[in-house]
Amino acid sequence: MKKLFTFFLFVFVTTTMNSQTVIGKWKTIDDETGDAKSIVEVFSKSGKIYAKVVEILEPANKNRVCTNCSGVDKNQPILGLTIIKGLTKDGSEYNSGEILDPKNGKLYKCALSLESKDKLKIRGYIGFSLLGRTQYWYRVN
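As the structure is a computational prediction, the values presented were derived from the model and not from experiment.

Quick notes on the nonpolar core
Link 1 in the chain: Of all hydrophobic cores here, the largest spans 24 residues; its most connected members are Val42, Ile83, Ile84, Leu112, Leu120 and Trp137.
Link 2 in the chain: Looking at this core, the elements with two or more residues in it are β2 (36–45), β3 (48–56), β4 (82–90), β5 (93–101), β6 (106–116) and β7 (119–125).
Link 3 in the chain: Counting residues per element, this core draws most heavily on β3, which supplies four residues.
Link 4 in the chain: With residues up to four places along the chain from it excluded, the contact list for isoleucine 84 reads Ile49, Tyr50, Ala51, Glu98, Ile99, Leu112 and Trp137.

Next comes the structure, spelled out in structure tokens:
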């Protein structure tokens, strides 16, 4: 009985902890059309948060490359591209990193936070947070 209780406690704690993290796969939504665009995987590396495109949902864009990007991202396939780089945890928010918009190739400052266990708020901005754009991504189970 004690082993069974311990098992269920472990499953409960693991499930609760996993549902309250930004780590995982998220569906991105097009700002203009409201259509799902891609699946992005948010992951941790060396204590920082990153995200890369792991699936492109629009058939016409599956083989696109980032022609407007600069540096190492220039002309790289969008599929597999790291679009969020180097965010650090600051209270309930992650910030002090960058987000890449593959459409225009520009890097913006970035902050993200969980709105709920299945809704992620991403804010890309120039200078300070008031001058920017917010998107919401939805967890993929």
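Looking at the environment of lysine 121
Link 1 in the chain: Within the fold, lysine 121 resides in strand β7.
Link 2 in the chain: When its relative accessible area of 28% is taken as the criterion, lysine 121 is described as partly exposed.
Link 3 in the chain: Sequence-distant contacts of lysine 121, that is, excluding residues within four places in its chain, are made with Ala111, Leu112, Ser113, Glu115, Thr134, Gln135 and Tyr136.

So, unusual backbone geometry
Link 1 in the chain: A positive phi angle is found at serine 46, which is not glycine, with a value near 55°.
Link 2 in the chain: With respect to the helices and strands, the residue serine 46 is situated in the loop between β2 and β3.
Link 3 in the chain: A relative accessible area of 73% means that serine 46 is categorised as exposed.
Link 4 in the chain: The backbone of asparagine 75 sits at a positive phi, close to 60°, despite the residue not being glycine.

Description of the layout of surface pockets
Space left empty within the atom packing is revealed by a probe, the size of a water molecule, rolled over the atoms.
Link 1 in the chain: Taken as a whole, the largest pocket spans an internal volume of roughly 630 Å³.
Link 2 in the chain: Along the wall of the largest pocket there are 28 residues; nearest its centre are Lys37, Asp101, Pro102, Arg133 and Gln135.
Link 3 in the chain: Contributing elements (two or more residues each) for the lining of the largest pocket: β2, β3, β5, β7 and β8 (132–139).
Link 4 in the chain: Looking at the lining of the largest pocket element by element, the count peaks at five residues for β8.

Each value, and the rule that gives it
- Residues numbered from 1 in each chain as written.
- Predicted model: local features only at pLDDT ≥ 70, side-chain atom pairs only at ≥ 80, totals over all residues.
- Heavy atoms only, no water.
- Core = buried A, V, L, I, M, F, W, Y, C linked by side-chain atoms within 4.5 Å.
- Buried < 20%, exposed > 50% of the residue type's maximum accessible area, 1.4 Å probe, protein only.
- Helix = DSSP H or I, 4+ residues; strand = E, 2+ residues; numbered from the N terminus.
- Contact = heavy atoms within 4.5 Å.
- 1 Å grid on protein atoms, 1.4 Å probe; cavity = no way out; pocket = protein on both sides within 12 Å on 5 of 7 lines; lining within 4 Å.
- Points joined across faces, edges and corners; volume = space filled by probe spheres on them.

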